[in-house]
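Overview (structure and organization)
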Amino acid sequence: MRKTIAVGVTCIAVGALGAALLGSRATAVGTGSGAAGKPLEVLLCDGQTKVQLAADTPRTPEEGRKVADELMAKWRANNPGTDWIDEEQEKHGIVPPADNSDLVGHAAGQVYGRIAPADVVVWQRETLAMVTRGSEVFHSGDQLGSTIGVSCDMCHPNAANTHPETYPKYQVQLGRTALLRDMINWCIEHPVRGPKLADDDPRMRALEAYILAQRKGTPLNYGRR
Amino acid sequence: MARRIDPETRYYAERDELFRALRHLDRRDFFKVAAAAAGAALASGVRFHPTSFSIVRVADAAPAREAFSFAYISDSHLYNRTVNDRFVNSLMRAVDDVNRLDPQPDFVLYGGDLAQLGQPEELELGAQILRSLKAPVRMMVGEHDWFLDLGEKWRSLFGQETYSFDHKGVHFVVLQSVNEKDFWTARRMTPMERMKTVAGLDNAVQSRFEVGEPQREWLERDLQAVSNDTPVIVFSHSPLYHYYEPWNFWTVDAPEVQAILKRFRHVTVIHGHTHQLVTNRIGNIFFHGMLSTAWPWPYAPEGMPALTVQMNRPDPFDPHDGCGDGRVIVHPDGLVDKIYDLWNRNPVQVRSTYLASNGRQDRPPAPNLQSF
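What counts, and at which threshold
- Residues numbered from 1 in each chain as written.
- Chains lettered and ligands numbered in written order.
- Predicted model: local features only at pLDDT ≥ 70, side-chain atom pairs only at ≥ 80, totals over all residues.
- Core = buried A, V, L, I, M, F, W, Y, C linked by C-beta atoms within 7 Å.
- Buried ≥ 20, exposed ≤ 12 C-beta atoms within 10 Å, placed from the backbone.
- Helix = DSSP H or I, 4+ residues; strand = E, 2+ residues; numbered from the N terminus.
- Contact = placed C-beta atoms within 7 Å.
- Pairing = 2+ DSSP bridges.
- Axes fitted to C-alpha atoms, helices over the stretch in contact; angles between N-to-C directions.
- Parallel < 35°, antiparallel > 145°, perpendicular 65-115°, else oblique.
- Left-handed = near helix turned anticlockwise from the far one by under 90°.
- Right-handed = clockwise from strand over helix to strand, strands pointing away.
- Nonpolar A, V, L, I, M, F, W, Y, C, P; charged D, E, K, R; others polar.

Side note on the nonpolar core
Counting residues in hydrophobic clusters, the biggest one holds 112 residues, and the most contacted among them are Y210 of chain A together with V108 and V234 of chain B. It is helix α8 (residues 202-214) of chain A that contributes the most residues to this core, seven residues altogether. In this structure V234 of chain B touches V173, L175, L240, V267 and V269 of chain B, once residues within four positions along its chain are discounted. By size, the runner-up hydrophobic cluster in this structure holds seven residues, among which are L40, V42, L44 and V67 of chain A.

What follows is the structure in structure tokens.
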């Protein structure tokens, strides 16, 4: 499973570095020798990514920004796919989860005490990450395990005509009352022609999350044909 | 078969029509009509029959058109046979359907998206299967055929993507309506990444379809010599109107193309891409979609043309439901009946009278299960 945490770390890294470089004590960031003529080395907070600077590089905010950009470009090149949520969002326009910011400052029992802005951010980010992961699987024959290059979006663009709000319902073709995941697995076996997913397979959980998310606001109506 | 009308019947019909028309004319309008008719007759060198009562229709004295039909197959989305045999078998089913038509259609329109990812092997496989059609084939390109090499392989197999031809008094135009503004260079996409982006119907990174200015100019030039009374039938892969933008059920410059077609009495547009029964009318232009042989698309959540009577929501347990091929019957007046030969269901016929009456007559049968 992909993690969202890396993106968070990077943001903090850039923030810290940028602030340090742009501030009056920019030299403090350099880890190399400060002696005249020797190049200066700037290290990103991942402890690995670094850039070399000429010793006489002017210590101005502009130069600081350049260094920060260069460090981030290197980090991105070494860590491909870190913007996967943004990329998937741009491609497939995922419906965002409910906004809970109105709950900030409210008491919420044993777990939270009082709800902080950071709590709301975590809820939002983690929920969206799972739904976005579902969008990736939904749109990829390879990730679905299709043997014939077929993915869900080929019949269900933006999860149209999946009607998750109508489950559970009795499916005479399956001979039992089906949950959404049963119908997903039916599609994976037949039109997609791949092996069934286990109920707790992370891809199945993500697919369910994505399909349900796209129907946000639709009233539940289980049993509807 | 065109109905033959004997001269005497025509004489009385024209006479009745003249007197009927005259009752609705005031003096000024009468002279306008008479002058226009005389002018048109002089310009086209038509000889008046001494007993003819017709003054309005003289310019129509061109040889009477006969009814004819053509068939269509569209949106087969072929992968290589070793990757996916299902779509290959479906196209072969459609070819078999059309070859069994009796009488045979005058030609078969292939409506675009022969390939799924524009691969040379996919296009060659499609060309090979279509070769077994008995009737001649007119090819149109779709975005799945185009965006790997921007048409290079398709052209080498099928020739120019934009062209026109005349058949039994009807002027046919084939457009390449799936051009997109360059979204790939700035993103440093490989040709395959570009192809896969366009291949996703709900992928918003791509641009919207357009005919584009050079082709619109070509169209104006092409139509210059065509009289307003000549029926015009246009083939475009994407709908030549605005239906649903997020899925490119859409051609950005459709209004400009419609403006070029406005002066003609009867224009029909037959389009692919939507994989469903879809019907529209904008003024003088009647639009019909085509079925896919590979899979049906759901109806878009908004923007569906008012005259569309949906096809049934496809049954997922029936692998060919919602797919098929079809036919177009062109009447002597240039209007068409569009037949959707849905596999495993009764065919649906959308008659010219349904569109001509703005939906008041001959409404096609309503589905018993609609899309969600």
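From this point, things continue past the structure.
With respect to the sheet that holds strand β10 (residues 279-282) of chain B
Strands in a sheet are paired, the pairing made by backbone hydrogen bonds, and the direction either parallel or antiparallel. All names here are of chain B. Judged by pairing direction, the sheet is mixed, and its six strands sit side by side in the order β4-β5-β6-β9-β11-β10 without closing on themselves. Edge positions in the sheet fall to β4 (163-167) and β10, since each of these pairs with one other strand and no more. Neighbouring strand axes in the sheet, compared pairwise and without regard to direction, differ in orientation by 20° on average. Pairing between strand β5 (residues 170-174) and strand β6 (residues 232-236): four bridges, direction parallel. For V173, the partnering residue across the bridge sits in β6 and is V234.

As for the packing of helix α7 (residues 180-189) of chain A against α8 of chain A
Residues and elements named next belong to chain A. The geometry of α7 relative to α8 is characterised by a closest axis approach of 10 Å and an angle of 110° between their N-to-C directions. As summarised for this structure, α7 and α8 are arranged roughly perpendicular, according to the angle between their axes. The hand of the α7/α8 crossing is right-handed. Seen from α7, the contacting residues are L180, R181 and I184; seen from α8, they are M204, L207, E208 and I211.

Here's the deal with the sheet that holds strand β14 (residues 348-350) of chain B
Residue and element names in this part refer to chain B. Spatially, the six strands line up as an open sheet ordered β3-β2-β1-β12-β13-β14, and their pairing is mixed. The sheet terminates laterally at β3 (137-139) and β14, the two strands that pair on one side only. Sheet twist, expressed as the mean angle between neighbouring strand axes with direction ignored, is 20°. As defined by bridge partners, strand β1 (residues 68-73) adjoins strand β12 (residues 324-330) across five bridges and the pair is classed as antiparallel. Bridge pairing in β12 links A71 to R327. Contacts between helix α3 (residues 85-99) and the sheet are confined to β1, β2 (108-110), β12 and β13 (336-342), with β1 contributing the most and set at about 170° to the helix.

Thoughts on the pairing of β1 of chain B
Residues and elements named next belong to chain B. The buried fraction of β1 amounts to five of the six residues, a majority that puts the element mostly inside the structure. Note: β1 against β2, three bridges, orientation parallel. Each residue of the ladder has a partner; that of I73, found in β2, is Y110. In this view, the connection linking β1 to its parallel neighbour β2 by way of α3 has right-handed handedness.

Topic: the interface of chain B and chain A
The interface is formed by 20 residues belonging to chain B together with 19 residues belonging to chain A. Split into classes, the residues belonging to the side of chain B that touches chain A amount to 14 nonpolar, four polar and two charged.

Regarding unusual backbone geometry
Leaving glycine aside, a negative phi is the common case for residues, and trans is the common case for peptide bonds. Y167 of chain A connects to P168 of chain A through a cis peptide bond whose omega is 0°. Tracing the sequence through the fold places P168 of chain A in the loop between α6 (141-144) and β3 (169-171). D102 of chain B connects to P103 of chain B through a cis peptide bond whose omega is 5°. In this model, N358 of chain B sits at a positive phi of 55°, which is unusual for a non-glycine residue. Mapped onto the elements of the fold, N358 of chain B is located in the segment after α10 (352-356).

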